[in-house]
Amino acid sequence: DEFYPGYGASWPWFYGGMGMTYENASVRGLVLRRSDETLYGYKESVNKHFVASIATCETALNYREKLLDSFYRYQVTAIEEGQKEAVKEYLLPRRGDVSAVDKLGHLLSEHGIDVRQAKEAFKNGGKDYPAGTYSIILAQPRKRFIRALLDADTPMEPEFLKEQERRRKKKLPDQIYDVTGWNLPMSFGVECVGTAAVSQGSFEPVTGAYQPRGSVTGRAEVAYLVPWGTEAAGRFLTAALRANLRVLTANKSFTQAGRKYPSGTLIVMVKQNPASVHDAVARIATTSGADVVATNTSWVEDGVNFGSGNVGAVKKPAIAMAWDAPASSASAGQTRFVLERQYGYPVTVIRASSFGAVDLEKFQVLILPSGGYMGAFSPAVTDKSKSWVRGGGVLVGIGGALSYLSSPQVGLLGVPQEGLAPETGKPADAAKPAAAGTGSPAARPGAGASGAAPAAAAGTSGAPSGPAPGKIFNSMEDYEKAIKADRELPDAVAGVLVRAKVDPETWITAGLPETLYVLVDGRAIYAPAKQDRGSNPILFAGPKELVASGYLWEENRKQLAYKPFLTMEGTGRGMVVGFTADPNFRAYMDGLNVAFLNAVFRYTGGGGRGGAEHEEERQ
């Protein structure tokens, strides 16, 4: 249970300390009746916590010299290992989403890792690296922590994996406790290079917390341009909307003054905004970290111009989100954290039990976190939501919410959840809507979730009448084949980083790189949308390149390939967007922030096959 280094108890280990978790039974009321009929009170619970804490301090005092010596040796041996191992340095080149690169570089420094930043461009191993590149030398006391965070993959022991495969074959829960792939550069969507030699040149130490520092190039007579595709640009957009600035967005790339601007680039027209627009843009650029370019012309050398039908206004949406059961608390909490805390945009939370009484017309975006909504939402609430979408609303479903949205009773997405694909290669039957929380951490009961209960729910219709046809088993293989369920779901995955490929020619993929890294967990795999209903702008990669970090069951690897991570379907004037895996997993998948922000903010209306890319056709 300490394999994944993401717990409070994990952190001390990488610093030479001892990570331990005390879990004394708590009393959520004043008195609890135990199973043996004895009473357990709050006072007793507090006393036990106190005794455990004092005992820990006394033990540390008694073994003071041994603890301090071990702590010291841990640092010294880390430096020695860093000097000898093949990788001597990790580099984070400052290119791509430089705001994410800066954030990660400073985050590592905040945790006591020695990080330095290049003052000028340099070479290492025959490769060029730009000024601003972050260097993390392995020969330092935090070496083991660095490798835990930056190594592309940390494999589990072969014997352990062999045992898990044996347990799976017998339909026993696996013993993988949590996430198996957690590489931070992949999670942040930034480049990381391991080098065999330490880089030479002019470097300075990185200190302090990450502080976005954007700037504006010039004073605009026509417009301010903010290249899309970075965390900083996302912060600029949300801050500009809250400041009531009118912001346009281009759905195709363009070139101006020799610089190419990606699709999604924000355009703040001077004459469409108050006279204070210059000060507002400068202030927001500074606080968001965005790169803002002033332009005195609307002429472009290539691509769409500012008056094109492929340029539309970004609405200032009022966002509502389902809260409380049956929404997964983890999915709801991390989604709200990303929007409110990381991007400063407010969200109105609505208890699922109150949806019938809420006026949805007050909102333009509705988010359904992962959860099992089928039994929680009445037919009247479902009809109300569908009418709201047809009227122009944007409904964003995450993880397990897709089972509800794609169910025959709802029919807002044509992406049914798949059953386990048979080895013959024939198409698997679509499973019935999954249980609450499918695709979220809650979908893994205990330490694993390969039990047969969910599979049985995937389409059994009662026992047949009369005796079963007789069969003769000539081998154990015949027996094992006979006891396999007729329809079952794939085994649950603890958590693995996989690659996804982006179709750049849609409004919802504006500014995204060709490849994204997605954290997949649970057992849900969804069929792609048919062309006559919707589209699948982001697909998981093929089976050979799918797994980026972590361990994935072989059946899941084959079946997940080329299936959608992001799917969408227009209904009336509105849009339904589905993420089959949570893009906000534990709020550290920064590399997926732009994809999520696109879904929430960039739909400019139109429905049908959906989005602003069809606006030009209608005009």
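Quick caveat: nothing in here was measured; it's all calculated off a predicted structure. (Residues numbered from 1 in each chain as written. Predicted model: local features only at pLDDT ≥ 70, side-chain atom pairs only at ≥ 80, totals over all residues. Heavy atoms only, no water.)

Comments concerning the pattern of salt bridges
- For the structure shown, the criterion picks out 29 salt bridges.
- Between Lys143 and Glu81 there is a salt bridge; the shortest N-O distance is 2.7 Å. One end of the pair, Lys143, is in helix α4 (residues 143-150); the other, Glu81, is in helix α2 (residues 64-84), and 62 residues separate them in sequence.
- Judged by relative accessible area, which is 3%, Lys143 ranks as buried.
- Residues Glu231 and Arg235 are paired through a salt bridge, measuring 3.8 Å at the closest nitrogen-oxygen approach. Here Glu231 and its partner Arg235 are both found in helix α7 (residues 231-242), four residues apart, which amounts to about one turn of the helix. Each member of the pair, Glu231 together with Arg235, is buried. (Salt bridge = Lys/Arg side-chain N within 4 Å of Asp/Glu carboxyl O. Helix = DSSP H or I, 4+ residues; strand = E, 2+ residues; numbered from the N terminus. Buried < 20%, exposed > 50% of the residue type's maximum accessible area, 1.4 Å probe, protein only.)

Concerning the sheet that holds strand β8 (residues 193-195)
- If you walk across this open sheet you meet the five strands as β8-β3-β7-β4-β9, and the pairing is antiparallel. For this open sheet the edge positions go to β8 and β9 (203-205), each flanked by a neighbour on one side alone. Shown here is a sheet whose adjacent strand axes are inclined to one another by a mean of 30°, direction ignored.
- In the sheet, strand β4 (residues 116-118) pairs with β9 via three bridges, with the strands oriented antiparallel. Looking at the pairing, Ala118 lines up with Phe203 of β9.
- Lying on the sheet, helix α3 (residues 98-110) is in contact with β3 (89-92), β4 and β7 (134-137); it crosses β7 at an angle near 30°. (Pairing = 2+ DSSP bridges. Axes fitted to C-alpha atoms, helices over the stretch in contact; angles between N-to-C directions. Contact = heavy atoms within 4.5 Å.)

Description of the packing of α7 against helix α15 (residues 593-601)
- Where α7 contacts α15, the axes come no closer than 9 Å and their chain directions differ by 30°. Between α7 and α15, the interaxial angle falls into the category roughly parallel. For the crossing formed where α7 meets α15, the hand is left-handed. Contacts from Glu231, Gly234, Leu237, Thr238 and Leu241 of α7 reach α15 at Asn593, Leu597 and Phe601.
- Taken together, the residues that form the contact of α7 with α15 break down as four nonpolar, three polar and one charged. (Parallel < 35°, antiparallel > 145°, perpendicular 65-115°, else oblique. Left-handed = near helix turned anticlockwise from the far one by under 90°. Nonpolar A, V, L, I, M, F, W, Y, C, P; charged D, E, K, R; others polar.)

A closer look at the pairing of strand β22 (residues 394-398)
- Buried residues dominate β22, accounting for five of its five residues.
- By the alternation rule, side chains of β22 split into Val394, Val396 and Ile398 and Leu395 and Gly397, which are all buried.
- Pairing of strand β21 (residues 365-368) with β22, which is carried by four bridges, proceeds in the parallel orientation. Bridged to Val365 within β22 is Val394.
- Following the backbone out of β21, through helix α10 (residues 379-390) and into the adjacent parallel β22, one traces a crossover that is right-handed.
- Pairing analysis gives five bridges linking β22 to strand β28 (residues 574-579), with the strands arranged parallel. Residue pairing for β28: Val394 is matched across the bridge by Met575. (Right-handed = clockwise from strand over helix to strand, strands pointing away.)

Concerning the packing of aromatic side chains
- Counting across every chain of the model gives 23 aromatic pairs.
- Each member of the aromatic cluster is reached from another via a ring pair, and the members are Phe3, Tyr4, Tyr7, Tyr177 and Trp182.
- Sitting over the face of the ring of Trp323, Arg336 holds its NZ or CZ atom 5.1 Å from the ring centroid. (Phe/Tyr/Trp six-rings, centres within 6.5 Å; stacked < 30°, edge-to-face > 60°. Lys NZ or Arg CZ within 6 Å of the ring centre and 35° of its normal.)

Points about the confidence of the model for the chain
- On average, residues of the chain score 90 in pLDDT, and 91% of them are at 70 or above.
- The low-confidence segment residues 433-461, where pLDDT is below 50, has 62 contacts with residues more than four positions distant or belonging to other chains.
- Confidence drops under pLDDT 50 across residues 608-619; counting only partners more than four residues distant or on other chains, this segment forms 31 contacts. (pLDDT = per-residue confidence, 0-100.)

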